[in-house]
Amino acid sequence: MYVILPFVEKAADEVVRTLGAFIASPGDAPHTVDSFRQTFAGVFDGGEDEEYEGEERPSMRERDAVVLLKSLERDRGGLVVDKDVTKSVNKNAAPDERMITAIDHGILELKSAIRNLHMQVDLVQRKIDERTKKASAALQQKRKPVALSNLRARKRLEDLLNRRIGSLRTRDSTHITVKTAAGDVKIMKSYEPSTATLCGILAHPSLARSNVDRTLKALEGARQSERRRARGGQHGAYGR
C-alpha cells in the first residue's frame, strides 16, 4: 500500500485542529474507529461537503483510517488506539493517562445507546406520520373502519415513542453525569502532586504530635514568663 505523506500529514493536522475544538471534557475524548471514520470522513478531500449536501457523507475508507490513526498515534502522540477504540490524549500526558479505560468504554456504550435511541425515535415518528396520513386518506374516502384502525395503530406508536423518548432522556442524563464524573476524576488527579507534597511536609518529624505539643507548651511557658515580668515591672513603677 502506497502512502502520500503530505496528504496524511494534512489530514492529521485537520483532525488535531478539529479535536482541539471539539473536546470540552474527558468524556469527549474516546471514539470508536467507526465513529472516527464517520466524523473525519472528509479530511482527505479538504472537508468539502457540497457534494453531500442533504445526505450523510460516506465514512472514511478503512485503509485510509488505518494510516491516519497510525500517524496520529505514532507521529503526533495525540491519539491512542486499542482495537476498535480510539482516544484523544495530550502527547505530554503521563503514561496512565494515555490508556483507554473502563470509563472510556462505558462512555462509548452510552453514546452508542443514545445514537440507537435517536434512530428509533426518528423511525417511530415516521411511522406515526404515515399512520396519520393513512387515517386522513381513509376518512376522506369515508372508510371509517380503516381510519380507526390506523388511528389505533398511531396511538400505540405514540405510546412507544413516549417510552423511547423517556429512555433517551435517561441515557442523556446518565451520559452527562458520567462525562462530569470523568472530568472530576481528572481534576482530582491534578491535585495529587500537591496532596503528596503536603503529606510529605506533614510527615516531617518536627510536626509529630509530641513535638507540636512540646512546642506549644514552651510557647505557653514563654508567654506566662513575659506576663510575670510585665506585672513585676508595673509593681516596681508603683513602688517608686
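Given the structure is predicted, the values throughout are model-derived calculations rather than measurements.

Novice: Mind laying out the overall build of the chain, listing which residues take part and the relevant values?
Specialist: Along the chain, the regular secondary structure elements total 6 helices and 3 strands. Secondary structure elements in the chain, listed N-terminal to C-terminal, are α-β-α-α-β-β-α-α-α. By the burial criterion, 25% of the 240 residues in the chain qualify as buried. Summarising the internal contacts of the chain: among those between residues at least 6 apart in sequence, 56% fall at separations of at least 24.

Novice: Which residues make up the nonpolar core, and what values go with them?
Specialist: Counting residues in hydrophobic clusters, the biggest one holds 14 residues, and the most contacted among them are Val15, Phe36, Phe40, Val43, Met60, Leu68 and Leu72. Listing elements by their share of this core, those giving two or more residues are helix H1 (5–22), helix H2 (33–39) and helix H3 (62–76). In this structure, Ile114, Ile128, Leu157 and Leu161 belong to the second largest nonpolar core, which totals 8 residues.

Novice: Explain helix H4 (residues 102–140) to me, using residue names and the numbers behind them.
Specialist: For H4, built from 39 residues, the straight-helix expectation of 57 Å at 1.5 Å per residue is met to within 8% by its first-to-last C-alpha distance of 57 Å. One or two positions beyond H4, positive phi appears at Lys142, with a value near 60°.

Novice: Tell me about the sheet that holds strand S1 (residues 30–32), and please be specific about residues and values.
Specialist: Read across the sheet, 3 strands follow the order S1-S3-S2 without closing on themselves; strand pairing throughout is antiparallel. At either margin of the open sheet sits one strand with a lone partner, and together these are S1 and strand S2 (79–82). Ignoring strand direction, the axes of neighbouring strands in this sheet form an average angle of 20°. Two elements, S2 and strand S3 (residues 85–88), share 4 bridges in a ladder whose sense is antiparallel. Along S3, the bridge assignment pairs Asp82 with Val85. Together, S2 and S3 form the strand contacts of H3, whose direction differs from that of S2 by roughly 125°. Docked against the sheet, H4 engages S1 and S3, running at close to 55° with respect to S1.

Novice: Describe in detail H3, supporting the description with residues and values.
Specialist: For H3, spanning 15 residues, the distance from its first C-alpha to its last is 20 Å, which sits close to the expected 21 Å at 1.5 Å a residue. Along H3, the residues classified as buried are Asp64, Ala65, Val67, Leu68, Leu69, Ser71 and Leu72. Immediately downstream of H3, the backbone of Gly77 shows phi near 70°, a positive value.

Calculation notes
Residues numbered from 1 in each chain as written. Predicted model: local features only at pLDDT ≥ 70, side-chain atom pairs only at ≥ 80, totals over all residues. Heavy atoms only, no water. Helix = DSSP H or I, 4+ residues; strand = E, 2+ residues; numbered from the N terminus. Buried < 20%, exposed > 50% of the residue type's maximum accessible area, 1.4 Å probe, protein only. Contact = heavy atoms within 4.5 Å. Core = buried A, V, L, I, M, F, W, Y, C linked by side-chain atoms within 4.5 Å. Expected span 1.5 Å × (residues − 1). Pairing = 2+ DSSP bridges. Axes fitted to C-alpha atoms, helices over the stretch in contact; angles between N-to-C directions.

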